[in-house]
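Structural description and commentary
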Amino acid sequence: MLKRWLRNTTMATALLITPLPAWAQETPQQGGDVLITYKDDIATLDPAVGYDWVNWSMIKSLYSRLMDYTPGTPDLIPSLAETFDVSKDGLTYTFKLRKGVKFTNGRELVASDVKYSIERAVNPKTQGPGAGFFSAIKGYEDVSGGKATTLEGIEAPDAATVIFHLSRADATFLHVLAINFASVVPQEAVEAAGGDFGKKPVGSGTFVLKEWTIGQRLVFERNPDYFVKDMPHINKFTVEVGQEPLVALLRLQKGEVDIAGDGIPPAKFLEIKNSPAGAGMIVDGEQLHTGYVSLNTRIKPFDNVKVRQAVNMAVNKERITRILNGRATPANQPLPPAMPGYDKSYTGYAYDVAKAKALLAEAGFPDGFQTVLYSTNTDPQPRVAQAIQQDLAAIGVKAEVRALAQSNVIAAGGTEGEAPMIWSGGMAWIADFPDPSNFYGPILGCSGAVSGGWNWSWYCNADLDKRATAADSMSDPAKATERAAVWGKIFTDIMADAPWIPVINERRVVAKSPRMGGSDKIYVDPTRVINYDAIYVKQ
Amino acid sequence: MALLIMRRLVQTALILLGVAAITFLLLYALPADPARMIAGRSATAQTVANIRRELGLDQPLLVQFWTYVQGILQGNLGRSYAQKTDVGALILARLPATLILMAAGIFVEVVLGLTLGVIAALRRGGAVDRVVMMASFVGVSAPQFVVALLLLYVFAVTLGWFPMSGFGTAAHVVLPAATLGILGAGWYARMVRSAMIDVLNQDYVRTARAKGLSSARIVLRHALPNALLPIIAMIGIDIGQFMGGVVVVEAVYGWPGIGQLAWQAIQQVDIPIIMGVTLVSALAIVLGNLLADIIAPLLDPRIRAR
């Protein structure tokens, strides 16, 4: 028997389980133009390719996907899908599409577009970083291995129906259909762009790209045909690129800019925060992020669990949050507090220098040892690494800080036996979607402990891997709470082996002008950073 | 002259090939794996391997270099890893902005340097000379970003005379050009001063004075043109140097030129863009020097005679 979720039921449930956000009491105004600045140019707006935190939000607004999230929350809702069914074994997902949805080139969006888009994201020729997310779909290996171009596991029997057949149950599959890589694109527009679709995007989202002057600005205008009434709220947003964060902030203070996308430079944070106008400017939100120190379990003496536990006790996380001007909270487990499965009752390794020393002596290192701590070389990461270095020195561990360009640190982490410790700040894990499994596979699971992988601890626990696979097979949405608890236990059990020192959960800071309306949560949206669909201008 | 140009063009081709080879080797020696960078955090090993294969990064170094050189010969600088678009087109789109900034910067430095240099030479040993020399010393040694931020703070934030950043109007170019110009003007002032002092001691200047010519005429008509020769050579060299020097200025003022493009590419390990910008900068340096070599004999018959 199939389990049926009607759209209205899902939306009603989402609304019931989510505390009504404060901004729901404010009626968003329609209209207005907004100016946003970023330091870096926009790399690409191709949803199968784009994968940085700046273009992520823009791609979200240019395209639609089968699933989406309630703005400002991690709650899934159907989007292009009108209804969907999940088979009891969790292996078949059937979606019915909304009728009358149009691409911005005027053509109606049909089921075969969904199939084409996902196949394109998986096809190696696309060079898309998100291909692996679709690995549960039948036939994935053939397409990703270049043996086929169509996915056996996706059917489009008619214009309004898409059926997915999975090779294994995957509880995260609905989230996967909500990430940017699952955005639906028209084949004819991709082909007409001749390999330059990232600069000439066509979708069915809330906005249309009207102008892109390379290195200067991008102009997004409201899509008048968007399928949700009264969305988006603003008429237009212009993104100016190449703007130094400090200059952007000065412009914001003068009223020239509405949102300084890169936030407030660390050196200016306290000054702005303590200024009379500052409080209204700063948006400080929780994100699904954990900053950690990886302890390479294949390098001596970190192959000894007692050593790993000892260094866990040696790091003063409170001091590190002060170094970051309070833009973080101390962490004690891999999952961040906003993630389902986070264990509030777990206290982790308390900061205790005496106990750390004793444990180190017990492990056979009464006089400590010498090691290397890698970090990226952009502020404030070297300062955090130095704080950790000082903490370790207090228990006799002499760590040489090696602050390098991000790419070099990533390369060292992915080379077996290379980096004993890495401070992950500036490159650390921010969830692709709000599900605990996203914090396991690549960074703590055996599949990530390979050359070029992201599991810099080189930690591989076959038993935990089995439990992780079992947790991901619990695809019945009714068991979501139970599944989150299973995941939570996996992460606290990992901490017994201490392959990481979880250090902080960083908060994202955005600076906005007082004329911008809406809850802080839509400026630091857990699934898309700035939610351009939901922000509005106060009239 | 034709022979000189021919010889220089051959040299240019060889220099560019050398630059391409060295840059290629240096970038290849980086421990970073571009495929891993493009693939991002969540990518599977299969995805990374696929990207590596698609980019040809699994080929031997020599094969990769030969493919690249073949591309250059056909006017193809490759495709950006991060932006998935043609590098040549990206550079061309940004080159005009850098050229405008460069021209304006050179204009500021020449006018400022020349004026200060002449004044200092004429007031040699006096207070004005000392002040100018001190200022030029500060100008030469001040870090670019400090000057950029200072000008920005005073003239854009506090006084509001110029826009803080961006591109498009004449007002936008003033502060970035002034930043570049002030820094270069120091060198020019010192050079013009010593050349002028040299020229002012020449016999023909003494003769001119004896004939009763006005000081202004002596300086403008007789002394300055002769003191200008090293300046011409320096402008040629500056064209090349500016290509490398605009990175900071472009970043501070949000100027959409190739300096900014290069800076972002370095952070993303976008090798095709780094290679492309390096080659264009090398070309600019070589062409700038060539220009100086061509113009100097046209202006000075003594060089032609040699």
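Residues numbered from 1 in each chain as written. Chains lettered and ligands numbered in written order. Predicted model: local features only at pLDDT ≥ 70, side-chain atom pairs only at ≥ 80, totals over all residues. Heavy atoms only, no water.

**Quick word on the interface of chain B and chain A**
When the parts of a complex come together, some accessible area is lost, and that lost area is often taken as the interface size. The condition that has to hold: Only heavy atoms enter the contact rule, under which two residues are in contact if any of them lie within 4.5 Å. As a working definition, buried area equals the accessible area (1.4 Å probe) given up by two parts on being put together, with both sides summed. In what follows, salt bridge is the name for a side-chain nitrogen of Lys or Arg lying within 4 Å of a carboxyl oxygen of Asp or Glu. In the analysis that follows, any N or O atom pair within 3.5 Å is treated as a polar contact, provided that within protein one partner can donate a hydrogen and the other can accept it, and provided that, for residues neighboring in sequence, both atoms belong to side chains. Put simply, DSSP marks the helices as runs of H or I at least four residues long and the strands as runs of E at least two long, and each gets a number from the N terminus on.
Chain B puts 44 residues into the contact, and the matching count from chain A is 49 residues. Both sides of the chain B and chain A interface together cover about 3,700 Å² of buried area, and 54% of this is carbon and sulfur. Counting across the interface, chain B meets chain A through 2 salt bridges. One salt bridge connects R94(B) with D41(A), and the closest N-O pair in it is separated by 2.8 Å. Taken together, the connections running from chain B to chain A amount to 11 residue pairs in polar contact (both at pLDDT 80 or more). Elements represented by at least two residues in the side of chain B that touches chain A include exactly α2 (34–39), α3 (45–55), α5 (87–122), α7 (144–158), α11 (229–253) and α12 (258–267) of chain B.

**Regarding the side chain of K317(A)**
Residues and elements named next belong to chain A. Quick reminder of the rule: Only protein chains enter the accessibility calculation, which uses a 1.4 Å probe; a residue whose area is less than 20% of its type maximum is buried, one above 50% is exposed, and one in between is partly exposed. Positive charges are assigned to Lys and Arg, negative charges to Asp and Glu, while His and the chain termini are left out of the count.
Residue position: K317 is located in helix α11 (residues 317–323). E318 is the oppositely charged side chain nearest to the buried, salt-bridge-free K317, at an N-O distance of 9.7 Å. Looking at K317, its side chain comes within polar contact range of the main-chain oxygen of P502, at 2.9 Å. Beyond its immediate stretch of four places on either side in the chain, K317 contacts P330, A331, N332, Y349, I501, P502 and V503.

**Structural notes on the state of the cysteines**
Simply put, disulfide is the name for a covalent bond between the sulfur atoms of two cysteines. Residues and elements named next belong to chain A. Condition: Throughout, disulfides are identified as pairs of cysteine sulfur atoms within 2.5 Å of each other.
According to the stated counting rule, one finds 1 disulfide over all chains in the structure shown. With a sulfur-sulfur separation of 2.0 Å, C446 is cross-linked through a disulfide to C460. Because the sign of the S-S torsion sets the handedness, a value of about 95 degrees for the bond joining C446 and C460 places this disulfide among the right-handed ones. Of this pair, C446 sits in the loop between α15 (441–444) and α16 (462–473) while C460 sits in the loop between α15 and α16; the two residues are 14 residues apart in sequence, bridging distant segments of the chain.

**A word on the packing of aromatic side chains**
Note the cut-off: Here a Phe, Tyr or Trp ring, Trp counted by its six-membered ring, pairs with any other such ring whose centre lies within 6.5 Å, and the pair is stacked when the planes are under 30 degrees apart, edge-to-face when over 60, and tilted otherwise. Only when the NZ of Lys or the CZ of Arg is both within 6 Å of the ring centre and within 35 degrees of the ring normal is a charge said to sit over the ring.
Counted by the stated rule, this structure contains 25 aromatic pairs over all chains. Considering the side-chain rings of Y226(A) and F227(A), the 4.5 Å spacing of their centres and the 35 degrees angle between planes classify their relative orientation as tilted. Pair check on accessibility: Y226(A) and F227(A) agree, each one buried. Here F24(B) and Y68(B) contribute two aromatic rings whose centre-to-centre distance is 6.1 Å and whose plane-to-plane angle is 40 degrees, an arrangement assigned as tilted. Placement of F24(B) in helix α1 (residues 2–29) and of Y68(B) in helix α4 (residues 61–73) is noted, with a sequence separation of 44 residues between them. Side by side, F24(B) and Y68(B) carry an identical accessibility label, which is buried. For R327(A), the ring lying beneath its charged end belongs to F269(A), and the centroid distance is 4.5 Å. A cation over an aromatic ring shows up here: K512(A) above the ring of Y523(A), its NZ or CZ 5.3 Å from the ring centre.

**So, the packing of α5(B) against helix α8 (residues 170–200) of chain B**
Residue and element names in this part refer to chain B. As a reminder of what qualifies: Angles shown run from 0 to 180 degrees and are taken between the N-to-C directions of axes, each axis being a line fitted to C-alpha atoms and, for helices, limited to the stretch in contact. Each crossing gets its handedness from the near helix: less than a right angle anticlockwise from the far helix is left-handed, clockwise is right-handed. Note that Gly is not counted as nonpolar here; it falls among the polar residues with everything else outside the nonpolar set of Ala, Val, Leu, Ile, Met, Phe, Trp, Tyr, Cys and Pro and the charged set of Asp, Glu, Lys and Arg.
At their nearest, the axes of α5 and α8 sit 5 Å apart, and the two run at 35 degrees to each other. At the point where α5 passes α8, the crossing takes the right-handed sense. Across the contact of α5 with α8, the residue classes break down as 25 nonpolar, 5 polar and 2 charged.

**Describing the environment of L177(A)**
Residues and elements named next belong to chain A. Mapped onto the fold, L177 is located in the loop between α5 (173–176) and α6 (187–192). Looking at L177, the relative accessible area reads 1%, which means it is buried. Look past the residues within four positions of L177 in its chain and what remains in contact with it is R65, L66, M67, F95, I118, F164 and A182.

**What about the confidence of the model for chain A?**
Quick reminder of the rule: Confidence of the predictor in every single residue is expressed as pLDDT, which spans 0 to 100.
In this model, chain A carries an average pLDDT of 90, and 95% of its residues clear a pLDDT of 70 or more. Note on residues 1–24 of chain A: pLDDT is under 50 here. Beyond four places in sequence and across chains, it has 33 contacts.

**A short note on unusual backbone geometry**
All names here are of chain A. With an omega of -5 degrees, the peptide bond running from M231 to P232 counts as cis. The residue P232 is located in the loop between β10 (217–222) and β11 (236–240) in this model. Of note, the amide linkage connecting K300 to P301 takes the cis form, showing an omega dihedral of 0 degrees. Here P301 lies in the loop between β14 (289–295) and α10 (305–314). Here the phi dihedral of D230 falls at roughly 65 degrees; this positive angle occurs in a residue that is not glycine. Locating D230 in the fold gives a position in the loop between β10 and β11.

**Some details on the pattern of salt bridges**
Residues and elements named next belong to chain A. One pass over the structure, following the stated rule, counts 27 salt bridges over all chains. With its nearest N and O atoms 2.7 Å apart, the salt bridge here joins R515 to D258. Here the residue R515 occupies a position in the loop between β20 (500–512) and β21 (516–517), and D258 occupies one in the loop between α7 (245–253) and β12 (259–260), the gap between them amounting to 257 residues. Assessed through its relative accessible area of 6%, D258 is described here as buried. Among the salt bridges present, the one from K268 reaches E271, with a minimum N-O distance of 3.2 Å. With K268 and E271 both in helix α8 (residues 266–273) and 3 residues apart, this pair spans about one turn of that helix. One salt-bridge network, in which partners are shared between bridges, spans D68, R528 and D533.

**Some thoughts on α12(B)**
All names here are of chain B. In terms of burial, α12 is a largely internal element, 7 of the 10 residues being buried. Within the sequence span of α12, burial applies to I258, G259, Q260, L261, A262, Q264 and A265. Positioned one or two residues after α12, V269 has a phi angle of 50 degrees, which is positive.

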